[in-house]
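# Architecture and fold: a report
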2 protein chains.
Amino acid sequence: MVRAKGGQPSIRDVAQYANVSVASVSRYLNNGGGVGAEKRQAIAAAIEMLHYQPNPIARALAVNEMSSISVILSDISLYGPMKILEGIEEESRRCGYLVSVSLLDADIEKARETVDGLARSRPLGCVIIDLDRTSSTHALISYIRKKMPTVLISDERGQSDVELGAYIGGYEITKYLLSLGHKTVHHVSVPVNNNRYTRTHGWRQALQDAGAPIPEPIAADWDCREANRIGEYLSTLPDVTAVFAGNDEVAAGVIRGLTMAGKRVPEDISVAGFDDNPIASLTVPSITTWRQNFKDFGFRAVRLLRKDETALSSSVALEDQLRDDASRAAFVDQHLIVRESTTRLV
Amino acid sequence: MVRAKGGQPSIRDVAQYANVSVASVSRYLNNGGGVGAEKRQAIAAAIEMLHYQPNPIARALAVNEMSSISVILSDISLYGPMKILEGIEEESRRCGYLVSVSLLDADIEKARETVDGLARSRPLGCVIIDLDRTSSTHALISYIRKKMPTVLISDERGQSDVELGAYIGGYEITKYLLSLGHKTVHHVSVPVNNNRYTRTHGWRQALQDAGAPIPEPIAADWDCREANRIGEYLSTLPDVTAVFAGNDEVAAGVIRGLTMAGKRVPEDISVAGFDDNPIASLTVPSITTWRQNFKDFGFRAVRLLRKDETALSSSVALEDQLRDDASRAAFVDQHLIVRESTTRLV
DNA sequence: TTGAAAGCGTTACCAA
DNA sequence: TTGGTAACGCTTTCAA
């Protein structure tokens, strides 16, 4: 039994053992077509016998494509991006793809280099998780699209291939707060750039539709450092009875700030969050929020990349189809979760 | 100007343009040694001119090793593992390595296949993040070690290459609680298996050293679903004045459970957490905790893998050295953070 | 110091 | 349906 140096058997070993040509084994391995029944048998046996496993690197060199998916994001320790990554990984594993992750440096030149490196590893494609529009990730989107097939997960309609539907969430949660009798809803926003489909815009639209006054939104940071202070600040405003925070952590911070300032939540002020971070059910009071199925966004991203793979021809039509898929699915599996932090205005 | 089909220039193009052999370019690219000054110039110019970037896949095929690091974990949405991953990614990017992530299926056969797949992609090595000892990850450690160079991040002394030092944290936080006048400290543990260096063992040891009674620890789940109930349960016990929870989320849940049951934290009962999850400063009350520098664990893991690379020879001595490094650094950058959830017993 | 050439493990084209 | 063979882009050995 001859073997390649490496220790691992190669396709040549299989061919030899099965008394067929290397080409036949290769065909067998791939589509399976064009191989006679007996050969198939022999090859299968040989593979079994030798515990042969094809070398993905050699394959990648030959076809100029690695069975991998690159995930590009700017901050991995946020709940949403992480859950999306989890979804991407799960679906990729099911398909036998490797998943690589890269954070993009704030320095745009370095970030570009990272992207170049990724592209050189010739993945099936990449998925950009761009929930934080302040980062260099966003600035590089078109650069990345030029380098490899790209699925963008963001809430910017018309640009993104998988939409987060934060708009509808912001709209619904504001509507809910209004339905509790609050005259208006204040908003503490997380950093997003000024496109038209964020939770902030949903919030604004809901107020507008209800004819409610629209207070100036207050900007918080992703890392919630200032959420406390914002809560305290809100407590000094006379007319605040309901607050919609950009995510659950910010909501927790706002609640804390309000509490420290002597306000009771929800009796004096209702506070709602966003995302359904596990923490939202562990605080006092627990946080009313909007549930997003982040993992599913990940699944969908991988599927788009696969589709891309099989439909290389009409790339314009494809793009359109992707968009449709994305918007169609945007409403799935999202809903309001009412907990203790919100109540009817008395 | 001749070019390879792919569009990208190949090493051959560079050689031709620079009027040198392919071999020389290759030498130039790698160690840089064994190339004359003028050739160096010419090659550099050619590379610049053609925007040449070596193909990592072809290189990987030739040397039978890809410049990548595989990260293996069982749950990515926990704060600790995530932060560690962030550290790994950052350091890897600095070194030009790709990092791939894989969750291991609960089904051990499937998990094994995943590992085989990873090994076939011939990474520099892998790092196993094994904070959750109930998973299949733990069962496969020796299997993985056989397949590729491995750095294990866990709190199991003697097995792990990077130790989390949770033991010392558990010890210190318990000591602190005791120093506040509490007769003993109850413990809500997160899932870890029965080795001797977890936070739970640190807790036990601290009690023992102080001659304090050692209550039976209560097991919580990672996902904190039961933390609320455990808090409620603890409120029914007569002698509970201090609780050390396995992590900050569990602490939040316990605090909530206690609060719902009418106890005041910290006036009636002090509660401490672990990890310094950002959420710990956002709750009411904010949570006293133990800060771990997770990111640094990630850095260290990558460095071990690199060292591994350059010291293939005496692998036993190396192993020992790694262990030393790990333990030496275990105490770096960890410390108690006192917040509102703990107070002196009155 | 240099270059020619033989791999590395696949795929894919072209004949048979 | 088969098999021989030339790529794929790089490294590395061996001579010169």
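- The name given to chain A in an unreviewed UniProt entry is LacI family transcriptional regulator, with Bifidobacterium goeldii as the source organism.

## Quick word on the sheet that holds strand β8 (residues 242-245) of chain A
Residue and element names in this part refer to chain A.
- Strand order in the open sheet formed by four strands is β7-β6-β8-β9, and the pairing between neighbours is parallel. Of all the strands in the sheet, just β7 (218-219) and β9 (270-272) have a single pairing partner and so form its edges.
- With three bridges connecting them, strand β6 (residues 186-189) and β8 associate as parallel partners. When the bridges of β8 are listed, histidine 187 appears paired with phenylalanine 244.
- Running at roughly 165 degrees to β8, helix α9 (residues 166-179) makes contact with β8 and β9 of the sheet.

## Overview of the packing of α9 of chain A against helix α10 (residues 199-210) of chain A
Residue and element names in this part refer to chain A.
- Interaxial distance between α9 and α10 falls to 6 Å at its minimum, and their mutual angle equals 40 degrees. Considered as vectors, α9 and α10 are oriented oblique to each other. The interaxial crossing formed by α9 with α10 has right-handed handedness. Mapping the contact onto sequence places Ala166, Tyr167, Gly170, Tyr171, Thr174, Lys175 and Leu178 in α9 and Arg199, His201, Gly202, Trp203, Gln205, Ala206, Leu207, Asp209 and Ala210 in α10.
- Along the lines of polarity and charge, the residues of the contact of α9 with α10 split into eight nonpolar, five polar and three charged.

## Description of the environment of threonine 114 of chain A
- Along the chain, the position of threonine 114 of chain A falls in helix α6 (residues 108-120).
- A residue is classified by how much of its surface remains accessible, and threonine 114 of chain A, at 15% relative accessible area, is buried.
- Through-space distance from the C-alpha of threonine 114 of chain A to that of alanine 18 of chain A is 44 Å; in sequence the pair is 96 residues apart.
- Apart from residues no more than four positions distant in its own chain, threonine 114 of chain A is found in contact with Ser102, Leu103 and Leu104 of chain A together with Arg93 of chain B.

## Some words on the nonpolar core
- In terms of nonpolar packing, the biggest core is built from 54 residues, with Ile84, Ile88, Val127 and Ile129 of chain A together with Ile84, Val127 and Ile129 of chain B touching the most fellow members.
- Listed in part, the 46 residues of the second largest apolar core include Ile230 and Ala245 of chain A together with Ala252 and Ile279 of chain B.

## Structural notes on the interface of chain B and chain A
- Taken residue by residue, the interface counts 47 residues in chain B and 47 residues in chain A.
- When chain B packs against chain A, the two sides together hide about 4,300 Å² of surface, and 65% of this comes from carbon and sulfur.
- Taken together, the links from chain B to chain A amount to four salt bridges.
- Linking arginine 93 of chain A and aspartate 105 of chain B is a salt bridge whose minimum nitrogen-to-oxygen distance equals 3.8 Å.
- Broken down by secondary-structure element, the contributors of at least two residues to the side of chain B that touches chain A are α4 (56-63), α5 (79-95), β2 (98-103), α6 (108-120) and α12 (248-260) of chain B.

## Some words on the protein's contact with DNA strand D
- Among the 28 residues in the neighbourhood of DNA strand D, the closest are listed as Gly36 of chain A together with Ile11, Ser26, Tyr52 and Asn55 of chain B.
- Here DNA strand D approaches the protein such that, of its atoms within 4 Å, sugar and phosphate make up 71%.
- Serine 24 of chain A is positioned with one of its side-chain polar atoms (N or O) 3.1 Å from a phosphate oxygen of DNA strand D.
- Of all the elements in the fold, those that place two or more residues in the surface near DNA strand D are α2 (22-29) and α4 (56-63) of chain A together with α1 (11-18), α2 (22-29) and α4 of chain B.

## Concerning the pattern of salt bridges
- All chains considered together, the criterion is met by 34 salt bridges over all chains.
- Between arginine 264 of chain A and aspartate 268 of chain A there is a salt bridge whose closest N-O contact spans 2.9 Å.
- With relative accessibility at 49%, the residue arginine 264 of chain A sits in the partly exposed group.
- Judged by its relative accessible area of 27%, aspartate 268 of chain A falls in the partly exposed class.
- Residue aspartate 296 of chain B pairs with arginine 300 of chain B through a salt bridge whose shortest N-O separation is 2.7 Å. Residue aspartate 296 of chain B and its partner arginine 300 of chain B are both found in helix α13 (residues 294-310); the two are separated by four residues, about one turn of the helix. Of the two residues, aspartate 296 of chain B and arginine 300 of chain B, neither departs from the other in class, the shared state being buried.

## A short note on the protein's contact with DNA strand C
- Among the 29 residues in the neighbourhood of DNA strand C, the closest are listed as Ile11, Ser26 and Tyr52 of chain A together with Ser21 and Gly36 of chain B.
- Serine 26 of chain A places a polar side-chain atom, nitrogen or oxygen, 2.5 Å from a phosphate oxygen of DNA strand C.
- If you list the elements that add at least two residues to the surface near DNA strand C, you get α1 (11-18), α2 and α4 of chain A together with α2 and α4 of chain B.
- Top element by residues in the surface near DNA strand C is α4 of chain A. It accounts for five residues.
- For the surface near DNA strand C, the residue count by class is 15 nonpolar, nine polar and five charged.

## Observations concerning the packing of aromatic side chains
Residue and element names in this part refer to chain A.
- According to the stated counting rule, one finds six aromatic pairs over all chains in the structure shown.
- A centroid spacing of 6.3 Å and a plane angle of 70 degrees characterise the contact between phenylalanine 294 and phenylalanine 297, whose relative ring orientation is edge-to-face. Of this pair, phenylalanine 294 and phenylalanine 297 are both found in helix α13 (residues 294-310), three residues apart, which corresponds to roughly one turn of the helix.
- In this structure, arginine 112 packs its charged tip against the face of tyrosine 143, placed 4.9 Å from the ring centre.

## Here's the deal with the sheet that holds strand β6 (residues 186-189) of chain B
Residue and element names in this part refer to chain B.
- One open sheet accounts for four strands, arranged β7-β6-β8-β9; its pairing is parallel. Edge positions in the sheet fall to β7 (218-219) and β9 (270-272), since each has one partner strand and no second.
- Taken together, the two bridges between β6 and β7 define a ladder with parallel strand orientation. Residue pairing for β7: valine 188 is matched across the bridge by isoleucine 218.
- Packed on one face of the sheet, α12 meets β6, β8 (242-245) and β9 and runs near 160 degrees to β9.

## Considerations on the relation of the copies chain B and chain A
- The two copies are related by a screw motion: chain B maps onto chain A through a turn of 180 degrees and a shift of 0.0 Å along the axis, at an RMSD of 0.1 Å. Taken together, the turn and the small shift mark the pair as related by a two-fold rotation axis. Closest to the rotation axis within chain B is the C-alpha of serine 100 of chain B, separated from it by 1.9 Å.
- When the interface residues of chain B are mapped onto chain A, 100% of them are again interface residues, pointing to one common binding face.

## A word on the environment of lysine 146 of chain B
- Within the secondary structure layout, lysine 146 of chain B lies in helix α8 (residues 141-147).
- Between the alpha carbons of lysine 146 of chain B and alanine 119 of chain B there is a distance of 9.9 Å; along the sequence they are 27 residues apart.

## What to know about the UniProt feature "domain: HTH lacI-type" (unreviewed entry) in chain A
- Here the UniProt feature "domain: HTH lacI-type" (unreviewed entry) sits at residues 9-63 of chain A.
- A helix fraction of 69% and a strand fraction of 0% characterise residues 9-63 of chain A, whose end C-alpha atoms lie 21 Å from each other.

## Comments concerning the environment of isoleucine 88 of chain B
All names here are of chain B.
- With respect to the helices and strands, isoleucine 88 occurs in helix α5.
- Residue isoleucine 88 is classed as buried on the basis of its relative accessible area, which comes to 0%.
- When residues no more than four places from it in sequence are discounted, the contact partners of isoleucine 88 are Val71, Val127, Ile129, Gly298, Phe299 and Val302.

## Observations regarding helix α10 (residues 199-210) of chain B
Residue and element names in this part refer to chain B.
- In this model α10 runs 17 Å from its N-terminal to its C-terminal C-alpha over twelve residues, within 8% of the 16 Å that 1.5 Å per residue would give.
- Within α10, the full set of buried residues consists of Arg199, Thr200, His201, Gly202, Trp203, Ala206 and Leu207.
- Of the surrounding elements, those touching the buried residues of α10 are α9 (166-179), β6 and β8.
- Capping of α10 at its N-terminal end is provided by threonine 198; its side-chain oxygen lies 3.2 Å from the backbone amide nitrogen of threonine 200.
- In the segment just after α10, glycine 211 is the residue with positive phi, at about 70 degrees.

What counts, and at which threshold
- Residues numbered from 1 in each chain as written.
- Chains lettered and ligands numbered in written order.
- Predicted model: local features only at pLDDT ≥ 70, side-chain atom pairs only at ≥ 80, totals over all residues.
- Heavy atoms only, no water.
- Pairing = 2+ DSSP bridges.
- Helix = DSSP H or I, 4+ residues; strand = E, 2+ residues; numbered from the N terminus.
- Contact = heavy atoms within 4.5 Å.
- Axes fitted to C-alpha atoms, helices over the stretch in contact; angles between N-to-C directions.
- Parallel < 35°, antiparallel > 145°, perpendicular 65-115°, else oblique.
- Left-handed = near helix turned anticlockwise from the far one by under 90°.
- Nonpolar A, V, L, I, M, F, W, Y, C, P; charged D, E, K, R; others polar.
- Buried < 20%, exposed > 50% of the residue type's maximum accessible area, 1.4 Å probe, protein only.
- Core = buried A, V, L, I, M, F, W, Y, C linked by side-chain atoms within 4.5 Å.
- Buried area = accessible area lost by both parts, 1.4 Å probe.
- Salt bridge = Lys/Arg side-chain N within 4 Å of Asp/Glu carboxyl O.
- Near = heavy atom within 4 Å.
- Polar contact = N/O pair within 3.5 Å; in protein donor to acceptor, adjacent residues only side chain to side chain.
- Phe/Tyr/Trp six-rings, centres within 6.5 Å; stacked < 30°, edge-to-face > 60°.
- Lys NZ or Arg CZ within 6 Å of the ring centre and 35° of its normal.
- Least-squares fit on C-alpha atoms with pLDDT ≥ 70 in both.
- UniProt positions renumbered as here; feature names shortened; annotations may be inferred.
- Expected span 1.5 Å × (residues − 1).

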